[in-house]
Amino acid sequence: MKPFVIGVGVTKFGELWDISPRNLVKEAVTQALADSGITISEIDAVFVGNMLSGVLGNQENLGALYNDELGLKGVPAFKIEGACASGGLAFHNALNSILANKYKTCLVIGVEKMTDHKPEEITNALMAAAHEEERTAGLTFPGLYAILARAYCKKYKITEKDLASVSVESHYHAALNPKAQFPFKVTLKQVMESNYIADPLKLLECSPISDGAAALIVAGFDGKKMKRGVEVIASEVATDSLGLSGRNDLTTLKSTVLAAKKAYEQAKIVPSDVDVAEVHDCFSIAQVLALEDLGFFKKGTSLKEVIKGKIRLGSGAPVVNPSGGLKACGHPIGASGVKQIVEITIQLRGEAGKRQVEGAKIGLTHNVGGSGAIAIVNLLKI
Amino acid sequence: MSISPVKIWRHQKIISSLLKRKGKIISWTIVRTPPAGYEQEAPYPVVLVKLDDGLRFVGQLVDWEEKDLKFGKKVEAVYRRIIKPDPEGIIPYGIKFRPL
């Protein structure tokens, strides 16, 4: 039994005040079904990745809700939550159920509706992913990653300007993605002149508050390879301490290291085999840690490589975040992990248009929940 | 931040075990976009502290000046009000740090 992603869909990401979460999901699922060529009656189970519907909108029971909306009454459905990794974890659970021969064809949905609410309420809601001690301290997610950034910059003698260069790359790619929240370039000067959110992180180093949905269909096949399917060759999850106080090393996310190691072993590949990657860049420092923890660059060296264009379309090996990443494509929490797989699927099929990574054969997605409390790494190939 | 009197009561043991303990700043930030409930305090520094016995803990830094925000700065755990409560609510207290 081999699992394949056979259809994908994603909405525009952004501040979508006039679209309800139901309609966002419907749009993404309609695209994914049309892309796969299967009918909705062939769906055996539904997995929904979402973090904030309860705490922000007082709406839980999303499995039943979206099945009702999609005309899937009677079909089993599950909401999966793992903070910002909710989408990736929903995919992982769908995959496991296929590998266990429980279901053959699963619909995976990632969705978040954030901009209906005030920024302070959203900041507060997101802190549900953190440790109680960190909430009491009045920390925020920019604050938690700022603490990591401060430690990293000291250890490897990195300047704020070096760190800011990551966002320039994200926006370069997003400018080629019509679905991105910010489909335009930014300059290093603009990043450096943006206001501090949590020192040393500035506004243009932080992923935005976004609405959006992504959907995909994953199915198990025996024997011959699917015609348009992208094979999932590994999906591994690992955890770490919930809060930063539980970490001895603030310059790495151990959950990423562990999940990546297991995934590479499972797929029998090495990091340099990856042609294209979508990594969890909720903040500039998050991308830096990801590039090193995933094994693309040695610890302390990734910013040098980023500045040389080593993750950019055309010159990158691998090309990282061709969608624009969480930073520039947008970060509707539960949708992000699913969107990453959607992007990699499109890339491996060679259908990414202007942002196509030429000849991409192996792709990676990396989705993190909390400040590294949980991470998932998926490997896909064509 | 929702305030539960039961939870505050349960946490008293942890809080009292940390009071007056000393340590050093190992990283920090200044929060400028606070969560709901913390607006009045912003911007405020939050420090990650390695206490003398090796335990790590995060908390706000109070009575601070710019020069206190540096690696290795000695601090002490103190008891402070965390946020302004509702008029009829319980006042939540907890651990913060002050520079030494």
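Residue positions within a chain follow its written sequence, with the count starting from 1. Whichever chain is written first becomes A and whichever ligand is written first becomes 1, with later ones labelled in order. Two thresholds apply to this predicted model, a pLDDT of at least 70 for residue-level local features and 80 or more for giving and counting side-chain atom pairs, whereas whole-chain, interface and lining totals are computed over all residues. To get the side-chain values, all heavy atoms of the structure are used, and hydrogens and water are removed first.

Draft legend 1. The arrangement of the interface of chain B and chain A in detail. Each partner contributes to the interface: chain B provides 25 residues, whereas chain A provides 27 residues. Here's the idea: put two parts together, see how much 1.4 Å probe accessible area each one loses, and the total over both is what we call buried area. Carbon and sulfur atoms make up 59% of the surface buried where chain B meets chain A, a total of about 2400 Å² over both sides. We define a salt bridge as a side-chain nitrogen of Lys or Arg found within 4 Å of a carboxyl oxygen belonging to Asp or Glu. Inspection of the region where chain B meets chain A yields 2 salt bridges. Think of a polar contact as two N or O atoms within 3.5 Å of one another; within protein, one of them needs to be a possible hydrogen donor and the other a possible acceptor, and neighboring residues in sequence only count if both atoms come from side chains. Run the count over chain B and chain A and you get 15 residue pairs in polar contact (both at pLDDT 80 or more). For the side of chain B that touches chain A, the elements supplying multiple residues, two or more each, are α1 (5-18), β1 (22-31), β2 (44-51) and β3 (56-60) of chain B. Residue contacts follow a heavy-atom distance rule, with two residues in contact if any of their heavy atoms lie within 4.5 Å. By the criteria applied, helices consist of DSSP H or I runs no shorter than four residues and strands consist of E runs no shorter than two, each listed in order from the N terminus.

Draft legend 2. Region of the structure containing helix α1 (residues 21-36) of chain A. Residue and element names in this part refer to chain A. The length a helix should cover is 1.5 Å for every residue beyond the first. With 16 residues, α1 extends 22 Å from end C-alpha to end C-alpha; this agrees with the ideal 22 Å at 1.5 Å per step. The rule is simple: take the accessible area with a 1.4 Å probe, protein chains only, and divide by the maximum for that residue type; under 20% is buried, over 50% is exposed, in between is partly exposed. If you check which residues of α1 are buried, you get Leu24, Val25, Ala28, Val29, Ala32, Leu33, Asp35 and Ser36. Projected down its long axis, α1 carries its buried residues within an arc of 160 degrees, all on one side. Looking at the residues trailing α1, positive phi occurs at glycine 37, about 80 degrees. Along the arc lie the directions from the helix axis toward the C-beta atoms.

Draft legend 3. The arrangement of the UniProt feature "domain: ChsH2 C-terminal OB-fold" (unreviewed entry) in chain B in detail. UniProt positions are given in the numbering used here, feature names are shortened, and annotations may be inferred rather than shown by experiment. This chain's UniProt record puts "domain: ChsH2 C-terminal OB-fold" (unreviewed entry) on residues 19-80 of chain B. Its end C-alpha atoms 11 Å apart, residues 19-80 of chain B is made of 0% helix and 48% strand.

Draft legend 4. Broad picture of the layout of surface pockets. Residue and element names in this part refer to chain A. Residues are called lining when one of their atoms sits within 4 Å of a cavity or pocket point, these points coming from a 1 Å grid over the protein atoms alone, where a cavity is a set in which a 1.4 Å probe fits but cannot get out and a pocket is an open set with protein on both sides within 12 Å along at least five of seven lines. Grid points are joined across faces, edges and corners, and a volume is the space filled by probe spheres set on the points. In this model, the largest pocket occupies a volume close to 810 Å³. Leu203, Cys206, Ser207, Pro208 and Ile209 are, among the 38 residues lining the largest pocket, the residues nearest its centre. Taken together, the elements giving at least two residues each to the lining of the largest pocket come down to α5 (119-126) and α7 (141-156). With 5 residues, α5 is the largest single contributor of residues to the lining of the largest pocket. Polar here means any residue outside two lists: the nonpolar Ala, Val, Leu, Ile, Met, Phe, Trp, Tyr, Cys and Pro, and the charged Asp, Glu, Lys and Arg; Gly therefore counts as polar. Considered class by class, the residues forming the lining of the largest pocket number 22 nonpolar, 12 polar and 4 charged.

Draft legend 5. Broad picture of the packing of helix α4 (residues 86-99) of chain A against helix α14 (residues 333-348) of chain A. Residue and element names in this part refer to chain A. Convention adopted: a line fitted to C-alpha atoms gives each axis, helices being fitted over their contacting stretch, and angles between N-to-C directions are expressed from 0 to 180 degrees. Two elements in contact, α4 and α14, have axes whose closest approach is 5 Å; the angle formed by their N-to-C orientations is 60 degrees. Compared by their axis directions, α4 and α14 come out oblique. Counting all contacts with α4, which are made through Ser86, Gly87, Gly88 and Phe91, the residues of α14 involved are Gly334, Gly337, Val338 and Ile341. Its residues assigned to classes, the contact of α4 with α14 shows 3 nonpolar, 5 polar and no charged. Should an angle fall under 35 degrees it is taken as roughly parallel, and over 145 as roughly antiparallel, whereas 65 to 115 is taken as roughly perpendicular and any remaining angle as oblique.

Draft legend 6. Structural detail: the domain arrangement of chain A. All names here are of chain A. Here the bounds of each domain stem from an automatic or database domain assignment. What the domain assignment lists for chain A is domain 1 (2-118 + 210-221) and domain 2 (131-208 + 229-381). Carbon and sulfur atoms supply 69% of the area buried between domain 1 and domain 2, which totals about 2900 Å² over both sides. In this structure, the connection of domain 1 to domain 2 is made through 1 salt bridge. Here arginine 349 ties to aspartate 35 by a salt bridge, and the two come within 3.0 Å at their closest N and O atoms.

Draft legend 7. Representation of the packing of helix α8 (residues 160-174) of chain A against helix α11 (residues 284-293) of chain A in the model. All names here are of chain A. Across the interface, α8 lies against α11 with an axial gap of 8 Å and an inter-helix angle of 90 degrees. Classed by the angle they form, the pair α8 and α11 counts as roughly perpendicular. Here Leu163, Val166 and Ser170 of α8 lie close against α11, whose contacting residues are Ser284, Ile285, Gln287 and Val288. When its residues are assigned to classes, the contact of α8 with α11 shows 4 nonpolar, 3 polar and no charged.

Draft legend 8. Representation of empty space enclosed by the protein. All names here are of chain A. Applying the stated criterion across every chain, the model contains 2 cavities of 30 Å³ or more. Within this model, the second largest cavity holds a volume of roughly 30 Å³. As for the second largest cavity, its lining consists of Glu169, Ser170, His173, Gln287, Ile311, Val320 and Asn321. Counting residues per element, the lining of the second largest cavity draws most heavily on α8, which supplies 3 residues.

Draft legend 9. Looking closely at the side chain of A:His331. All names here are of chain A. Looking at the element boundaries, histidine 331 is found in the loop between α13 (325-329) and α14. Look at histidine 331 and you get buried, because its relative accessible area is 3%. A polar atom in the side chain of histidine 331 sits 2.6 Å from the side chain of serine 336. What histidine 331 contacts, discounting residues up to four positions off in sequence, is Cys84, Met114, Gln181, Ser207, Pro208, Ser210, His280, Cys282, Leu326 and Ser336.

Draft legend 10. Region of the structure containing the sheet that holds strand β7 (residues 212-221) of chain A. By definition, two strands form a pair when at least two bridges between them are found by DSSP. Pairing is mixed in the open sheet, where 10 strands are placed in the order β3-β2-β4-β7-β1-β8-β12-β11-β9-β10 (chain A). Each edge of the sheet is formed by a strand with only one pairing partner; in this case those strands are β3 (77-80) and β10 (319-320) of chain A.

Draft legend 11. Structural view of the environment of B:Lys50. Residue and element names in this part refer to chain B. Within the secondary structure layout, lysine 50 lies in strand β2. Residue classification places lysine 50 among the partly exposed residues on the basis of a relative accessible area of 37%. Taking the C-alpha atoms as reference points, lysine 50 and alanine 77, separated by 27 residues in sequence, lie 11 Å from one another. Beyond its immediate stretch of four places on either side in the chain, lysine 50 contacts Gly23, Lys24, Ile26, Leu55 and Arg56.

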